[in-house]
Amino acid sequence: MALDSTNPVLAASDLPYGLPDFAAISDDDFLPAYDIALAEHLAEVDAIASNSEPATFANTIEALENSGRALARANGIFFNLEGPDSNPQRAQIAQTLAVRLTEHSNTIAMNSALFARIDEVHAARETSGLTGPQRRLTEQRYRAVVRAGAALAEAGQAQMREWSSRLAALTTDFGQRLLDDTNASAVLFDDVADLDGLSAGEIAAARRAAADAGHDDGWLVTLELPTSQGSVAKLTAPKSRRRVFEASVNRCSHGGDHDTRAMVLEIVDLRARRARLLGYATHADFVIAEETAPDSQTVAELLSNLGAAAMAAAESELAGLRRRFDGSFGPADVTFALAQNTGTGDAPSVDEFEQYCELEAVLVDGVFAAAHALYGLTLTERPDLRGYHPDVRVWEVSRDGDGVGLFLGDFFARPSKRGGAWMNNIVDQSRTLGTSPIVVNVSNLTKPEAGEKCLLTFDQLITVFHEFGHAIHGLLSDVDYVSQSGTSVPRDFVEFPSQVNEMWALHPDVVAGYARHHSTGEPAPAALLNAVRASTAAETAHSTVEYLAAAALDLAWHRLGPDDVPTDVLAFEARALAEVGLASDLIPPRYRTAYFNHVFGGGYSSAYYSYIWSEVLDAETELWFLAGGGLQRELGRRFADAVLSKGDSEDPVRAHASMLGRAAQITPLLARRGLVGVGE
């Protein structure tokens, strides 16, 4: 990589592991940096394409893999800023880059001389002495350029360029509209009595949010990304619950500048047309061709079969809630009723567990401690290193005494941060390039008042373990090539390691370390821990239906052909859910179409099913760990060596089956979700 020392985005960093010097970078530096990086990358690619020597893996595939390092650096910095800390200038830069980067990728993919060289190496891949990862990389590179239009005639390539650029702009704009409308839809209460049920810390945060939004009085309840809201599960006043729920469920579909419905229809149409141009029946078929699932029909059948069982269980669950609930019962009351239905007799309420889940203890004595016990990872905070925002903390990661990389934690919500929780890489691990991983976990916890502690709900606790599972996947990567590194695996496999990491949250050896009362230091009572474990022994049917409905919506939109795209988003949504038996007045999808950012603003289109698909592997792996003794270093080593370290350098499902000794079965998943025998 030829670094430009005059531009701080591209300048070499002398900080540990090449951590960018965020303090030296301004937003005005990004577009000039991209001008340099894009031009440099094209020059590198042109040199590869025009090479007069016969095409080989080294001078073509590997050369391409190692090109564009300046561009990768710029992307690693900018896109790790734009999601968790957006501002108007960054939003505009992101919109500009969405089109420029798509056009740049198209230019490379549709370089006919380059494609001829890739095709030549690909044709000889079985006889040219390549290693397994090299052969897999060759196949991946070939498929990628073909799927980008390299094999199309000139007119088809021109159409691909036009559609791809438009899609890039639309999906970027979708995410920004959702962020804006989520902020605008926050619910202002003028009487603190309306917030009964929220903790003192949550009420203080609501008052602070109102002040930050310019309100002299009142309390502002901000919205989380999914339909179900944590505050709705706690608010005792039905009117308050309804206000927050309705604000959530109607996001981006009530007219105005933030409405996304017309945008959704255009995205679906363009995706369908692009898939058809490339020879696929639908966008879902185009996407799933690169996943571990065999085809879209198999996925549809899985969702349908699980949906039937889940709805049967949900009807029974709702009937029980109605019997216990006093008064009218609408969709805004379901999560509240579920929260009240967490104990019987003298068993303590699982809500009390929040008092024993303080963020710092959970991180250090829970998440990090489990990673040390299993994988030998040690995280040492580096307050001398600065992240991209004052709230971001930096840890140096070592494994059995050897440096691994850096972990950044960005835990607290702010108006500039998009909703949800996720993991990103600033730098990917690669033996060929000599780079070590720098990974980031982002979440949206409520920031406590100065001097107060951040207490986690059970769902937030699981999310912290989940996202660190992604981080472990990136940190333990040990591959040659960046595009096979860490979490660069098929979308319907990527959630598997993070789901596995959730199992340690309530493991006796882990929970004993962190579950101490935030003010007294007393350990969580055994009765409370037993109540928490009992309440989470199986997912609620409500949660399963929420998820399956969202996954079914994603698939329904993306199994449409170009001539089948409807004109009414909400009508299609209702019809699609009814057709798969997942329509419920009381249980809306986890994400409705208009605010389904995973699908219309992120990388999960036709792949939201991946969570349940990965959970098949996760449920089997949990049993594998428990059968071997649980939190054991030897088991962690075998899991890391067989799966986590491999990234996508070999088929990840085969790697998992090799570790397990057989292919994973669905039965453990059905048992976990309480669906065994339901409806039979």
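Now for a look at the structure at hand.

How each quantity is defined
Residues numbered from 1 in each chain as written. Predicted model: local features only at pLDDT ≥ 70, side-chain atom pairs only at ≥ 80, totals over all residues. Heavy atoms only, no water. Pairing = 2+ DSSP bridges. Helix = DSSP H or I, 4+ residues; strand = E, 2+ residues; numbered from the N terminus. Axes fitted to C-alpha atoms, helices over the stretch in contact; angles between N-to-C directions. Contact = heavy atoms within 4.5 Å. 1 Å grid on protein atoms, 1.4 Å probe; cavity = no way out; pocket = protein on both sides within 12 Å on 5 of 7 lines; lining within 4 Å. Points joined across faces, edges and corners; volume = space filled by probe spheres on them. Core = buried A, V, L, I, M, F, W, Y, C linked by side-chain atoms within 4.5 Å. Buried < 20%, exposed > 50% of the residue type's maximum accessible area, 1.4 Å probe, protein only. Nonpolar A, V, L, I, M, F, W, Y, C, P; charged D, E, K, R; others polar. Salt bridge = Lys/Arg side-chain N within 4 Å of Asp/Glu carboxyl O. Expected span 1.5 Å × (residues − 1).

A look at the sheet that holds strand S5 (residues 402–412)
Phase 1: Taken in spatial order, the 5 strands make up an open sheet running S3-S4-S5-S7-S6, and their pairing is mixed. At either end of the open sheet lies a strand with only one pairing partner, and these are strand S3 (377–381) and strand S6 (422–427). Strand-to-strand, the axes of this sheet are offset by a mean angle of 30 degrees, without reference to chain direction.
Phase 2: Docked against the sheet, helix H3 (residues 69–82) engages S6 and strand S7 (438–445), running at close to 150 degrees with respect to S6.

Observations regarding the side chain of Thr 335
Phase 1: Note on placement: Thr 335 falls in helix H13 (residues 331–340).
Phase 2: Dropping the residues within four chain positions of it, Thr 335 is found in contact with Ser 228, Val 232, Ala 233 and His 542.

What about empty space enclosed by the protein?
Phase 1: Across all of its chains, the model carries 3 cavities of 30 Å³ or more by this definition.
Phase 2: Space inside the largest cavity adds up to approximately 70 Å³.
Phase 3: At the level of secondary structure, the elements contributing two or more residues to the lining of the largest cavity comprise helix H14 (359–375), S5, S7 and helix H15 (458–475).
Phase 4: With 4 residues, H15 is the largest single contributor of residues to the lining of the largest cavity.
Phase 5: Estimated volume of the second largest cavity: approximately 60 Å³.
Phase 6: Along its surface, the second largest cavity is lined by Thr 227, Ser 228, Gln 229, Val 232, Phe 245, Pro 331, Thr 335, His 542, Glu 546 and Pro 588.

As for the nonpolar core
Phase 1: Judged by nonpolar contacts, the single largest core of 150 residues is most densely connected at Phe 353, Tyr 514, Trp 557 and Phe 639.
Phase 2: When residues of this core are assigned to their parent elements, the largest contribution, 12 residues, is made by helix H12 (residues 296–324).
Phase 3: In this structure, Phe 22, Tyr 388, Val 394 and Ile 426 belong to the second largest nonpolar core, which totals 32 residues.

As for the layout of surface pockets
Phase 1: Taken as a whole, the second largest pocket holds about 300 Å³ of empty space.
Phase 2: In this structure, the second largest pocket is lined by 15 residues; those nearest its centre are Ala 552, Ala 556, Arg 559, Ala 576 and Val 580.
Phase 3: Listed by contribution, the elements that provide at least two residues to the lining of the second largest pocket are H12, helix H19 (541–558) and helix H20 (569–579).
Phase 4: Ranked by residues supplied to the lining of the second largest pocket, first place goes to H20 with 5 residues.
Phase 5: Within the lining of the second largest pocket, the residues separate by chemical class into 11 nonpolar, 1 polar and 3 charged.

Examining the pairing of S5
Phase 1: When you tally the buried positions in S5, you get 9 out of 11 residues, the bulk of the element.
Phase 2: Looking at chain direction, strand S4 (residues 393–399) and S5 are connected through 7 bridges and run antiparallel. Pairing of Glu 396 across the sheet is with Leu 406, part of S5.
Phase 3: Taking the residues that link successive antiparallel strands as the turn, the S4-S5 hairpin has 2 residues, and the phi of Asp 400 there is positive, at about 50 degrees.
Phase 4: With 6 bridges joining them, S5 and S7 adopt parallel strand pairing. The residue bridging Phe 407 from the neighbouring strand is Val 439, located in S7.

Some thoughts on the pattern of salt bridges
Phase 1: Tallying each qualifying case throughout the model produces 36 salt bridges.
Phase 2: A salt bridge links Arg 382 to Asp 384; the shortest N-O distance between them is 2.7 Å.
Phase 3: Ionic contacts of the salt-bridge type, sharing partners, join the residues Asp 27, Asp 85, Arg 90, Asp 391, Asp 410, Arg 414, Lys 417 and Lys 447 into one network.

What to know about unusual backbone geometry
Phase 1: You will see that Tyr 17, though not glycine, has its phi angle at about 60 degrees, which is positive.
Phase 2: Here Tyr 17 lies in the segment before helix H1 (30–49).
Phase 3: Its identity as a non-glycine residue notwithstanding, Ser 606 has a phi of 60 degrees, on the positive side.
Phase 4: Given a relative accessible area of 0%, Ser 606 falls into the buried group.

Considering helix H9 (residues 238–249)
Turn by turn, an α-helix covers 3.6 residues, leaving residues three or four places apart pointing in a common direction.
Phase 1: The end-to-end C-alpha distance of H9, which contains 12 residues, comes to 16 Å, matching closely the 16 Å that a straight helix rising 1.5 Å per residue would cover.
Phase 2: If you check which residues of H9 are buried, you get Ser 240, Arg 241, Val 244, Phe 245, Ala 247, Ser 248 and Val 249.
Phase 3: Its buried side turned inward, H9 meets strand S1 (187–189), strand S2 (219–221) and H13.

With respect to the environment of Ala 505
Phase 1: Here Ala 505 lies in the loop between helix H16 (491–502) and helix H17 (508–514).
Phase 2: The class for Ala 505 is buried, based on a relative accessible area of 0%.
Phase 3: The spatial distance from the C-alpha of Ala 505 to the C-alpha of Val 367 is 7.6 Å, given a sequence separation of 138 residues.
Phase 4: What Ala 505 contacts, discounting residues up to four positions off in sequence, is Leu 461, Ile 462, Phe 465, Val 511 and Tyr 514.

Don't take any of this as a statement about function, it's just geometry.
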